[in-house]
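Examining the three-dimensional arrangement
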Amino acid sequence: MNQTPVIVVHGGAWKIPEEEHEPHMEGCRQAAIAGWEVLRSGGSALDAVETAVCLLEDDPTFDAGRGSCLNAVGEVEMDAIIMDGRTLRLGAVAAIRRVRHPVSLARLVMEVGLHNFLVGPGAEEFARQHGMALVSPEELVVERERVRWEAWRAGEGLYAAELFRPAGTVGAVALDREGNLAAATSTGGKPGKWPGRVGDSPLVGCGAYADNRSAAASATGDGEALMRILATGAVCARVAEGRSPQEAAEGILALLAERTGGCGGLIVLDPRGRYGIAHTTPHMAWAVVAADGHVRAGIRAG
Ligand code: GLY
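Residues numbered from 1 in each chain as written. Predicted model: local features only at pLDDT ≥ 70, side-chain atom pairs only at ≥ 80, totals over all residues. Heavy atoms only, no water.

Bringing unusual backbone geometry into the picture now. Phi is positive for Ala-95, which is not a glycine, with a value near 55°. Summarising the element assignment, Ala-95 is placed in strand 3 (residues 90-96). (Helix = DSSP H or I, 4+ residues; strand = E, 2+ residues; numbered from the N terminus.)

Right, dumping it as structure tokens:
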């Protein structure tokens, strides 16, 4: 098989402040290029989505890895998932605090293969026992989020109204030369969330899904709403029924609004390399490297 590779990434769907547009687009562009390089040199879709999401986790612009928002007690707690569309194998982690790259721990869980989903201290101990370095939770906290959290705690309501972020979650979907699809999603979740709260991102069929027979998808936005309609499983099912990835993404976001009142964003990629990018939030940061190797990035779908 010599499929032309494609990668699509997103950096969250919310009301992104004007001054943050460029860093969001640039972060997505760099992540897409890094994932594309993996695909171009014959690497797998799984390697490409992990590489892209690791870059986004390292970039403090995004609500994932270092730069994650803080929960109600001022701590970072992160969730992530990765899924292989060829085998339907997956790995997921939730409520972890001491891992620099949650998506790589999710990949490790998948590769070891004993379980699909590990949470909290058990997930961190699994990382440690399998040779993954643990970091101090403080290393993942950035000044921007500390300031926002302090203001919120002081009752300034910064996490509500216009600064409320359904989540600046990150994600990637890729198609490799062998025709295999993969998806990954990683997040710090919602600002001010209850400790132990888990959103849609690490839940299979909610935050991400990949199946070579339908599509690969990653979601961002209001996790409490997205999980109620199994957003990424549902969007892949619509592609399997014959809809284009763009039609399917728009249809599922319309369903999300109709059934839950929630908003969010989706990236979707099918085995032919057709992709969809849609959001019902004011903005969603995204980037694509498609068939011709040309990189496109934006802050609104289109
Ligand atoms: N969509 C990410 C979250 O709600 O945690």
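Continuing now.
What follows covers the nonpolar core. Within the largest apolar cluster, 34 residues are counted, with the highest numbers of intra-cluster contacts made by Ile-7, Val-9, Val-49, Ile-82 and Ala-174. Secondary structure elements with two or more residues in this core: strand 1 (6-14), helix 1 (21-40), helix 2 (45-58), helix 3 (102-112), strand 5 (170-175), strand 6 (181-187) and strand 11 (283-289). At eight residues, the largest contribution of residues to this core is made by helix 2. Apart from residues no more than four positions distant in its own chain, Ile-82 is found in contact with Leu-46, Val-49, Glu-50, Arg-89, Leu-90, Gly-91, Val-103, Ala-106, Arg-107, Met-110, Ala-183 and Ala-184. (Core = buried A, V, L, I, M, F, W, Y, C linked by side-chain atoms within 4.5 Å. Buried < 20%, exposed > 50% of the residue type's maximum accessible area, 1.4 Å probe, protein only. Contact = heavy atoms within 4.5 Å.)

Further remarks concern the side chain of Thr-220. Among the secondary structure elements, Thr-220 is positioned in strand 8 (residues 216-221). Here Ala-13 takes part through its backbone nitrogen, which lies 3.2 Å from a polar atom of the side chain of Thr-220. (Polar contact = N/O pair within 3.5 Å; in protein donor to acceptor, adjacent residues only side chain to side chain.)

Next up on the list: the sheet that holds strand 12 (residues 295-298). Spatial ordering of the open sheet is given by 4-3-2-6-5-1-11-12, a layout of eight strands whose pairing is mixed. Both edges of this open sheet fall to strand 4 (117-119) and strand 12, since each of them pairs with a single strand only. Averaged over all neighbouring strand pairs, the angle between strand axes comes to 5°, with direction disregarded. Where strand 11 meets strand 12, four bridges bridge the pair, whose relative direction is antiparallel. Opposite Val-288, over in strand 12, you have Arg-296 as the bridge partner. (Pairing = 2+ DSSP bridges. Axes fitted to C-alpha atoms, helices over the stretch in contact; angles between N-to-C directions.)

Between its first and last C-alpha atoms helix 2 spans 20 Å; for 14 residues at 1.5 Å apiece the expected length is 20 Å, and the two agree. Of all 14 residues that make up helix 2, 10 are buried, and the element is covered over most of its length. Along helix 2, the residues classified as buried are Ala-45, Leu-46, Ala-48, Val-49, Glu-50, Ala-52, Val-53, Cys-54, Leu-56 and Glu-57. Summarising the contacts, the buried residues of helix 2 are in contact with strand 1, helix 1, strand 2 (78-84), helix 3, strand 5 and strand 6. (Expected span 1.5 Å × (residues − 1).)

Let's shift gears to the environment of Arg-100. Position of Arg-100 relative to the elements: it lies in the loop between strand 3 and helix 3. Residue Arg-100 is classed as partly exposed on the basis of its relative accessible area of 30%. Spatially, the C-alpha atoms of Arg-100 and Asp-58 are 7.8 Å apart, while their sequence positions differ by 42 residues. Leaving out residues up to four positions away in the same chain, Arg-100 has contacts with Glu-57, Asp-58, Gly-65, Arg-66, Val-135, Glu-139 and Leu-140. A polar contact of 3.4 Å, which involves the side chain of Arg-100, links it to the side chain of Glu-139.

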